[in-house]
Protein chains: 2
Amino acid sequence: MKNYITHDEWCVIEEGFHPEYNEITESLMSLGNGRMGQRGNFEERYSGHSLQGNYVAGVWFPDKTRVGWWKNGYPNYFAKVINACNWIGIHVEIDGEAVDLAESNILGFKRVLNMKDGTLWRSSEIELKSGKRLKIESYRFCNMAFDESGAIKYAITPLNFSGEIVINPFLDGDVSNRDSNHGEKFWNEVEKETAHGEGYLTLETRKSAWDTVPVFQVCSGMKFEIYQDGKAFDFKSLPVKSEKFVGSEVKLYVFEGEETIIYKYAVNLSSENYKTEELLTASKAYIDKIFDLGFEALLDAHKSAWAEKWNQNDIIIKGDVAAQQGIRFNIFHLEQTYTGEDARLNIGPKGFTGEKYGGVTYWDTEAYCIPFYLSTADKKVARNLLVYRHNQLQKAIENAEKLGFSGGAALYPMVTMNGEECHNEWEITFEEIHRNGAIAYAIYDYINYTGDQSYLGEYGLDVLISISRFWSQRVNWSTDKQKYVMLGVTGPNEYENNVNNNWYTNYLAVWTLKYTLEAIDLVRKDENRFAEIASGLAFDVTSESEKWQHIIDNMYFPYDEERQVFLQQDGFLDKELLTVDQITEHRPINQKWSWDRILRSCFIKQADVLQGMYFFEDDFDLEALRRNFDFYEPMTVHESSLSPCVHVILANKLGKNEKAYEMYVRTARLDIDDYNNDTEDGLHITSMAGTWMSVIKGFGGMRVKGGKLHFSPVLPEQWESFSFRIGFGGSLIQINIEKEAVLVENLSDKDVVIRLYDQDVVVEAGKVARQSK
Amino acid sequence: MKNYITHDEWCVIEEGFHPEYNEITESLMSLGNGRMGQRGNFEERYSGHSLQGNYVAGVWFPDKTRVGWWKNGYPNYFAKVINACNWIGIHVEIDGEAVDLAESNILGFKRVLNMKDGTLWRSSEIELKSGKRLKIESYRFCNMAFDESGAIKYAITPLNFSGEIVINPFLDGDVSNRDSNHGEKFWNEVEKETAHGEGYLTLETRKSAWDTVPVFQVCSGMKFEIYQDGKAFDFKSLPVKSEKFVGSEVKLYVFEGEETIIYKYAVNLSSENYKTEELLTASKAYIDKIFDLGFEALLDAHKSAWAEKWNQNDIIIKGDVAAQQGIRFNIFHLEQTYTGEDARLNIGPKGFTGEKYGGVTYWDTEAYCIPFYLSTADKKVARNLLVYRHNQLQKAIENAEKLGFSGGAALYPMVTMNGEECHNEWEITFEEIHRNGAIAYAIYDYINYTGDQSYLGEYGLDVLISISRFWSQRVNWSTDKQKYVMLGVTGPNEYENNVNNNWYTNYLAVWTLKYTLEAIDLVRKDENRFAEIASGLAFDVTSESEKWQHIIDNMYFPYDEERQVFLQQDGFLDKELLTVDQITEHRPINQKWSWDRILRSCFIKQADVLQGMYFFEDDFDLEALRRNFDFYEPMTVHESSLSPCVHVILANKLGKNEKAYEMYVRTARLDIDDYNNDTEDGLHITSMAGTWMSVIKGFGGMRVKGGKLHFSPVLPEQWESFSFRIGFGGSLIQINIEKEAVLVENLSDKDVVIRLYDQDVVVEAGKVARQSK
């Protein structure tokens, strides 16, 4: 755990330079706008520890998977989010010495990520080896309003000299991924062009061995202007070209104490959105447009877009700056990663903040992210995320066929870019078929929240039927138990592998079958539409439904009669049942124990049985939840970022306030405080939606039942108050939870009825309802 | 399955060239002498399908393991048996055209591996593109008598022309492994030297990232002479040198119909046996020695060494040429792979016949190979194999420590070169801790066969204690079962992974603990020696023995009361219990099914419960064996080469003659007939010892009980008779099993008592005892 970031309500602040933590800070200070993004790298050269990262949404490379001995059903490739053209670069040289903070004497340094505005500001005062001192101030953003562009204001002030400096704003595509197999580069150059003060570089990804993966082209463009003494300066420039590189070198005379400002504008246009033959022309037009608007106008548009987001989504926590900073940090990065405007995109586990994990779509999207977008964005955002899976149904069916399933059974991938499975992690990932259930659950979740039942007939039912077909083939009848069993799976708790009858997976499978049968009944109200779907899927409703009902009625669930708890899997009670406090000095076990020891131990990486009890809470009474919580939570090491948030929600429900707060801090400040010692790799983006849930569903106690919003808020004693806004059924509602009362403000123009602590409360349009506690 | 090899009692014959099967033939016709070996490649250039392979015992490279996400306890490297200098090469060129069978018109071709002599002979009559015809006859061997050398007689006869030809006998170290990560080469050149008609090339392996692995040097040397018209020809030579290559080019005038013979002599000396600074000098001296002896004298010495081996080890089967060829093929390759003279060496799964699997030591050595060497070689050979493990005890303790064990617990590696674990196969190999038990069992097996109880005090006990310590930590007390359990293992049946309470492993663990306690009692007869051992291991005999006894008394063994069979593992009965004949069109499942489907299925790769019942047969009555055999064998796909042999032994014991014969053919002709479609990768060397066991322990019914040899032979109806020789207690006994009688011949000079079909038979020295059936 680290503690070098200043606590602040709106900003992430590094006071003084911490080169030893630079890669952590780069992760924390990442910028993005859903279309492109980047780590908080410096503009000028930096030869110290740094992970350079620029990413363009939807652009990736299928790297051959690494494996000892190949077995059928393994994914062919590991999809890598690739480091793209570095467009922020501005090389600065004085008397032949490159400006480089790692080589300079640092006199002053401050770096601020302003989450309210979505900007990154940095001020560095340095002394070069030559003794010359200067101040560099940079200010940049990835434009939320013009989402294929970014802009930088880069100001240089000589502190103890006047003289010539050389600057070279550039585009550099000669980059690689740190995790590539042997340092291979994934980009080839297509074309490049320079003109006075501008440059264009078109790159394309290397052709891979898999023809299902396209070659991507990205055209990056830049244009810059220079201001001295508050006026545009008419400079001369020298084009610089090399392999996958364009720059524009300028010699400038700078004056002691006077600021020279470079405004650099850049775009990244991808062949996902433009015809390749139009990429360069479109880039030039885009550059011209933003150049003409200028830095301040672009910044205003960007800030307005952020203001609109915060107006809808902000969570305000009073009396606890660390908690406030934590939650905003999570919301901020979620918003940067995915805007929901493009149904082809999804939410990568590291967003635009790092390379790790590969792929962009995990079950995290359905289990953690959809609830966030349901409450904080137009319903089309969550809908797009569902449609994304619908569009990949055929690939999911092919994926299941590769594993030996048939008859239209679908197994969605655990990790994917385009619907194909692309993980590289056999020991855990291979058998995590529970993701298939989360995809079905998200359909339920969406409809429950939005009431949009038409989704079923439009897109949902064929996904549900195909997933149910998978479950019905994946179980088998145990003659011994006279029940259906499900063998050889890995549950959400990835510290187990290849277990039998994982309770969560079994439960989710049966739930999917039940929900699919209900969905069939609903869609059948329109017999024509149903016939169309059934015919498209060659679905025999009678025989398949009968089989499913038989499984529903005869599924086996491991249970401990003595403790009255569900068993995570068969044989769980054979383990040595220890608690986390007995192994304090061994944590984190994923860094201190062998994989073999972890597998045999009782210790749980993330909620498993409890994840199921969270999903299906109405199926279990509070005492059952308490027994299971009390049994499993003490064995849970929360070494997955997806774990603490679920525990916040359940602990609140059980009145375990201290545990809830402890878990909240862990999830909210996971990255800022580097709890798991891995923030340098990038941020845990998808778990940030879990953090949001931990406030809204946890402390806020929000649920949607029978088309109505329910709240049963609990104010942690460490907080003076907290408030949040929720979009629901076209209304925007603000909930303020104070020490003495809960205030519900209806910010929309129609009355709403909510349920607060088991009482219906009518809140008139534009009014506030106050309920004392 | 293929059927292009001519059936012959002593030879493996390819009549006519089969380029499509060339890599299979190269595997089948491999030569070796325990110190070096090679695949049956051609001497001259061959541009068709070919896997070039030359290997030097004990020389390898630690290639970085490939893995998705690293976890603690994974081996750092995958030990590769590396392709070494090609010393057989003779380049032949006529009018600028290289002789290359892939580019020539083949008029006649025959290739013969003579297993009696250990020689490879080939005759090729070809027509070049120029229309020139010639005959090439080559004859070579890896010398069993001078085991760092080989020799080739290479005869060229022009068939329709007289004229100049160019020959260039060479040493080529610029080779790579087919399975290297990215085609990297593992050799660097140290020095090279040429002289008239000779050349020397010293190579060393690249420095690796692991300082526990030495850099190896090998100096290869060659010298050749040329005969025309039966007389040595005084030729002129031109040295040829390039990167890791030395040759000696000679222009010769050859005469139509007249043979020109090149005798090429070569040595491979390794830094494992010589100081590096002496390698070159030693190579020159060695070359001079064998050159002076000449081809015929060397061949005579080589044949004599083979005659001696066959005299001890031959199995003669009459009336079934395929079975005869099969068993000799197995014995021949075993003898080529390991001679037992060097305690640092062991028996690689592919021997000197291919690259696959890496490592040289698996549990195959203990479970399959030791019985072969016990009966067919001096007892020091088996003893050396045991001592090999003893010498690696410290590494086994370190290996266990890496996984979280302590107090001197030892876990021997599943795959090793130098005692360090070096597999790259997490999904299966990681948890196959049963190998530890096989290493203990081999100590018992050796002492039971040889009566050499002194081995315990000398080397055995510390290995046993250290392994027992591992088992006692690897089990845990299940409060639920009130028994000890063993979680998270993989048994011999590698079509399961991470199972709980694998019956075989649990049984083997308890047996080890019992045997160790017995061994302690035996060694304690010499209290001083015992005290010395106990002190060296910091062994507290009272407390540790007590703990072991508690485990022995309270171990859990999965059992099905209804069927009265041992259960392969917990939950086995939850599987859909099918039989192999229900999935005929799906075989082999490892090529047709996904790994996921294989894991969930009931199908068994190789004997697991039955492996245990074979090891500990006296613990179970015949009816228990029958029930388990009848339950498991129908589910067994025998897709491991180690499986059929165990079934031959058990089927014979149960009187299942047809099954025994079916399994025998499968094991004996596995490679010759390419049953598993993988002979091209190399031969299944260690399973060949299983083939030998299937005759001796299976059809021969040999056992050693109470220091006495037992036999209860069964003659398969397909055979007229079979006979074999067994070394036991310093005596050599030949058993002939005929239709009407069993003849036991005592070839030694002292009387022996054997037990034949439950009757003691005294066989006087030099006499034959005949017992009618």
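Scroll up to find the structure this text is about.
Draft legend 1. Focus on the overall build of chain A. The helix and strand inventory of chain A stands at 20 helices and 34 strands. Radius of gyration (C-alpha) of chain A: 27 Å, near the 28 Å computed for a compact globule of 773 residues. Each principal axis of the C-alpha atoms in chain A carries an extent, and together these give about 85 × 60 × 55 Å. Split into buried and exposed, the 773 residues of chain A put 66% on the buried side. Residue pairs at least 24 apart in sequence account for 68% of intrachain contacts in chain A once pairs closer than 6 positions are excluded.

Draft legend 2. Molecular detail of the interface of chain A and chain B. Every contact between the two is made by 50 residues of chain A and, on the other side, 50 residues of chain B. When residues of chain A are sorted by the area they lose upon contact with chain B, A:Trp69, A:Asp574 and A:Arg600 head the list and together hold 18% of the total. One can count eight salt bridges joining chain A with chain B. The partner of B:Glu427 in a salt bridge is A:Lys71, and the shortest N-O contact between them spans 3.4 Å.

Draft legend 3. Looking closely at the sheet that holds strand β29 (residues 721–728) of chain A. All names here are of chain A. Strand order across the open sheet formed by five strands is β22-β29-β30-β31-β34, with antiparallel pairing between neighbours. Edge strands, defined here as strands with exactly one partner in the open sheet, are β22 (315–318) and β34 (768–772). Sheet twist, expressed as the average angle between the axes of neighbouring strands with direction ignored, equals 15°. Sheet topology note: the strand β30 (residues 731–738)/strand β31 (residues 741–746) ladder contains five bridges and is antiparallel. Each bridged residue has a counterpart across the sheet, and for Ile-735 the counterpart in β31 is Val-744.

Draft legend 4. Summary view of the pairing of strand β28 (residues 708–711) of chain B. Residue and element names in this part refer to chain B. Across three bridges, the pairing between strand β27 (residues 703–705) and β28 is antiparallel. Residue pairing across strands places Lys-705 opposite Lys-708, the latter belonging to β28. With antiparallel pairing between neighbouring strands as the criterion, β27 and β28 make up a hairpin whose turn holds two residues, including Gly-706 at a positive phi of roughly 55°. Pairing analysis gives three bridges linking β28 to strand β32 (residues 752–756), with the strands arranged parallel. Paired with Phe-711 across the strands is Leu-756, a residue of β32.

Procedures and definitions
Residues numbered from 1 in each chain as written. Chains lettered and ligands numbered in written order. Predicted model: local features only at pLDDT ≥ 70, side-chain atom pairs only at ≥ 80, totals over all residues. Heavy atoms only, no water. Helix = DSSP H or I, 4+ residues; strand = E, 2+ residues; numbered from the N terminus. Rg over C-alpha atoms; globule rule 2.2 N^0.38 Å. Buried < 20%, exposed > 50% of the residue type's maximum accessible area, 1.4 Å probe, protein only. Contact = heavy atoms within 4.5 Å. Buried area = accessible area lost by both parts, 1.4 Å probe. Salt bridge = Lys/Arg side-chain N within 4 Å of Asp/Glu carboxyl O. Pairing = 2+ DSSP bridges. Axes fitted to C-alpha atoms, helices over the stretch in contact; angles between N-to-C directions.

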